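Structure assessment
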Amino acid sequence: MRVGRIESEALKAIAAGELHLNQLLELICELVQEELESGVVSLMLLESDGLLYVAGGPCVPPALKEAFDGLEPGPIAGNCGTSVYTGLPVYVEDTRSDPRWADFQEVVETFQIRACWSHPIRVKGEVLGTFAVSHLQAARPTEEQKEALEVFASLAAVAIRADEHRVEGQRREMALQRALRLESLGLLAGELAHDFNNLLVGVIGGLELAADPSFADVAGEHLEGARVAAHQAAALCQRFRSLAGEETEWQDSNLERLIEESLQVTRGVVQGVDVRWHPMAQGAPTLFLAQTQVRQLILNLIVNGAEAMGGKGVLRLSTGKGWRGARYLRSCQIGAHLPAGHYLTLAVEDEGAGFSHDVLTSAFEPFFSTKPGREQARGLGLASVAKIAKAHNAAIRIASSQEGTRIEVSFPTPDEEGAGEARILALGVPEAEQAELSQLLAPNTLRFQGCGDTGAACWGEEGPFDLLVLDLSCGWPTYDALRVRDRHCRAVLIGENEDLVERAQEYADPSPVGVLRSQGLEAVRAACHQALAQSPRALAER
């Protein structure tokens, strides 16, 4: 038996930190099982109820697992129960005659267990379980086999300690996140006040210009700008209401129309600035957007650009659709993890003095600003832009020099033509939503499965699939397990928590697309088209 190989592979997996405890323990059992000429590997852990449960063993029959789950440690409790009770290795050469197996003779006969060797798993001096090997023939372990058994139990202990560190780290992270959320409430209030102020300036500026006799010939235009700004201010109030549980409405949208609406608002805000708008000749494709948020993104970019020029100069806005490759995306300050694909880009270019690389790295931080004066330097415009872009899985790239600054916001576009019919595995999607989701994603083929090992196994057994749709009621470990099976699987994750999008972006090459359940199935449809358009098969077909 190549004990060194088992030890090396197991420690490598533990150090990688990609697998959860149950996956690590199962891996250790599988590595040992592969090396055994005969025998069945099993691993039991002591749970909070004081009983032992099978936690690993690729060849342990389900009925045998059921027979031993809930085993109470004691002086004559088979191998594993006795080993945990005494804290010592237990080597039973013949289960039919050994008194420690007297209460398990029915199991012995049913599964033909003739010998069993167990070693306790110790963590910080406390016995937490056992590692065991069972045989179909009566057998006595050699010294070499005893030493190997001790090594395997030690590997399990290392995995448990590593998981304890991971859990403790998560606890600390959760405590930190709670503190940050409290801080974020203050940031959010400042952000909303900043955005609302921009809109109020548009309302007041439009009304003042309409009342000025020297602008009488265009008073109607200024009144219309004030009206649009007032409506957008009302829509912004919905973001306040979302704190009470009401969600932002997402819908199919035309980005260029949103830009034109925002330009009406800014007439009273950026007086003195020559704003030049260059839409696409063929028109922009439809995107699935939270319109209120995207209007705010556009308004903040226009106001930031105008302020960077001191209220004078030329500010250029343009849109364009094209391919964004990995090199371009890696150069983005926001969204560098996004996959290559077709994107619709909004570009805003000013003629200001620009800023240095050091300033650029902090540009999206809340309250960071290069503007003089505390009243003017709120520093929330680009922080808000970044937050909205992340919610839309969009990339942001800033290029700045002494001649000016160009900011590009690239939204992924669903390329539904030429992607062909795809096979999609949907795990954990409620039965009540399955028919509607199938209709929305037609003509693609969906395979619905519940949560659990059976559903996850479909990815390998019934594949290849082009996309995974995973309801996170199944848990993040289900996605982790599928990433182990297929490192490059494309996925759309549906969940409840507001940090879903940011957590999804922690995965790379490829990152899954996060969709909040409250956004509805239309958002799931848009996310699926986005992911499919950037799948390896779709890219190859281009």
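The structure under discussion appears in the preceding block.
Since the model is a prediction, treat every value here as computed from it, not as a measurement.

Looking at the sheet that holds strand β13 (residues 423-427)
In space, the five strands of this open sheet follow the order β14-β13-β15-β16-β17, with parallel pairing throughout. Strands with a single pairing partner mark the edges of an open sheet, and in this sheet they are β14 (445-449) and β17 (513-516). On average, adjacent strands in this sheet sit at an angle of 20 degrees to one another, irrespective of strand direction. Pairing analysis gives five bridges linking β13 to β14, with the strands arranged parallel. When the bridges of β14 are listed, I424 appears paired with L446. Across the sheet, helix α15 (residues 476-485) is in contact with β13, β15 (467-471) and β16 (491-495); its angle to β15 comes to roughly 160 degrees.

Some remarks on the nonpolar core
Counting residues in each nonpolar core, the largest one holds 38 residues, and the members touching the most others are I298, L301 and I396. With six residues, the top contributor of residues to this core is helix α9 (residues 291-308). In this structure, L301 is in contact with L346, V348, L382, V385, I407 and V409, ignoring residues within four places of it in sequence. Counting residues in each nonpolar core, the second largest holds 32 residues, with L25, I28, L45 and I121 among its members.

Things to note about the pairing of strand β11 (residues 395-401)
In terms of strand pairing, β11 meets strand β12 (residues 404-412) through seven bridges, oriented antiparallel. Looking across to β12, one finds that A395 is bridged to S410. Count of turn residues in the β11/β12 antiparallel hairpin: two residues.

Focus: the sheet that holds strand β9 (residues 313-324)
With respect to topology, five strands assemble into an open sheet ordered β7-β9-β10-β12-β11, the strand pairing being mixed. Because the sheet does not close on itself, it has two edges, and the strands there are β7 (273-278) and β11. Going across the sheet, the axis of each strand differs from the next one's by a mean of 20 degrees, ignoring polarity. In the sheet, strand β10 (residues 341-349) pairs with β12 via seven bridges, with the strands oriented antiparallel. Bridging across to β12, T345 finds its partner in S410. Contacts between helix α8 (residues 255-266) and the sheet are confined to β7, β9, β10 and β12, with β7 contributing the most and set at about 165 degrees to the helix.

Quick look at the packing of α8 against α9
For any two helices packed against each other, the geometry comes down to the angle between their axes and how far apart the axes lie. Close contact between α8 and α9 brings their axes to 9 Å; oriented N to C, the two are set at 55 degrees. Comparing their axes, α9 and α8 come out oblique. Note that α8 runs across α9; the crossing there is right-handed. Residues L255, R257, L258, I259, E261, S262, L263, V265 and T266 of α8 touch α9, and the partners they reach there are Q291, V294, R295, I298, L299 and I302. Of the residues contributing to the contact of α8 with α9, the split by class is nine nonpolar, three polar and three charged.

Examining the packing of aromatic side chains
Throughout the structure, instances matching the rule amount to four aromatic pairs. With centroids separated by 5.9 Å and ring planes inclined at 70 degrees, the aromatic side chains of W101 and F104 adopt a geometry described as edge-to-face. Classification of W101 by relative accessible area gives buried; the value is 2%. Relative to F152, the ring of F131 lies with its centre 5.6 Å away and its plane at 50 degrees, an arrangement referred to as tilted. A residue pair is termed long-range when its members are at least 10 positions apart, and F131 in strand β5 (residues 126-135) and F152 in helix α6 (residues 143-211) qualify at 21 residues. Here the aromatic residues F68, W101 and F104 are joined through ring pairs into a cluster of three or more. A cation over a ring is seen here: R324 above Y328, with NZ or CZ 4.0 Å from the ring centre.

Observations concerning the state of the cysteines
Here the structure, examined in full by the defined rule, presents one disulfide. Sulfur-sulfur distance for the disulfide between C451 and C474 comes to 1.9 Å. Measuring the twist about the S-S bond at about -75 degrees, one finds the C451-C474 disulfide to be left-handed. Remark: C474 occurs in the loop between β15 and α15 and C451 occurs in the loop between β14 and α14 (453-461); sequence separation between them is 23 residues. The cysteine C80 is free of any disulfide, with C116 supplying the nearest cysteine sulfur at 5.6 Å.

Conventions we followed
- Residues numbered from 1 in each chain as written.
- Predicted model: local features only at pLDDT ≥ 70, side-chain atom pairs only at ≥ 80, totals over all residues.
- Heavy atoms only, no water.
- Pairing = 2+ DSSP bridges.
- Helix = DSSP H or I, 4+ residues; strand = E, 2+ residues; numbered from the N terminus.
- Axes fitted to C-alpha atoms, helices over the stretch in contact; angles between N-to-C directions.
- Contact = heavy atoms within 4.5 Å.
- Core = buried A, V, L, I, M, F, W, Y, C linked by side-chain atoms within 4.5 Å.
- Buried < 20%, exposed > 50% of the residue type's maximum accessible area, 1.4 Å probe, protein only.
- Parallel < 35°, antiparallel > 145°, perpendicular 65-115°, else oblique.
- Left-handed = near helix turned anticlockwise from the far one by under 90°.
- Nonpolar A, V, L, I, M, F, W, Y, C, P; charged D, E, K, R; others polar.
- Phe/Tyr/Trp six-rings, centres within 6.5 Å; stacked < 30°, edge-to-face > 60°.
- Lys NZ or Arg CZ within 6 Å of the ring centre and 35° of its normal.
- Disulfide = S-S within 2.5 Å.

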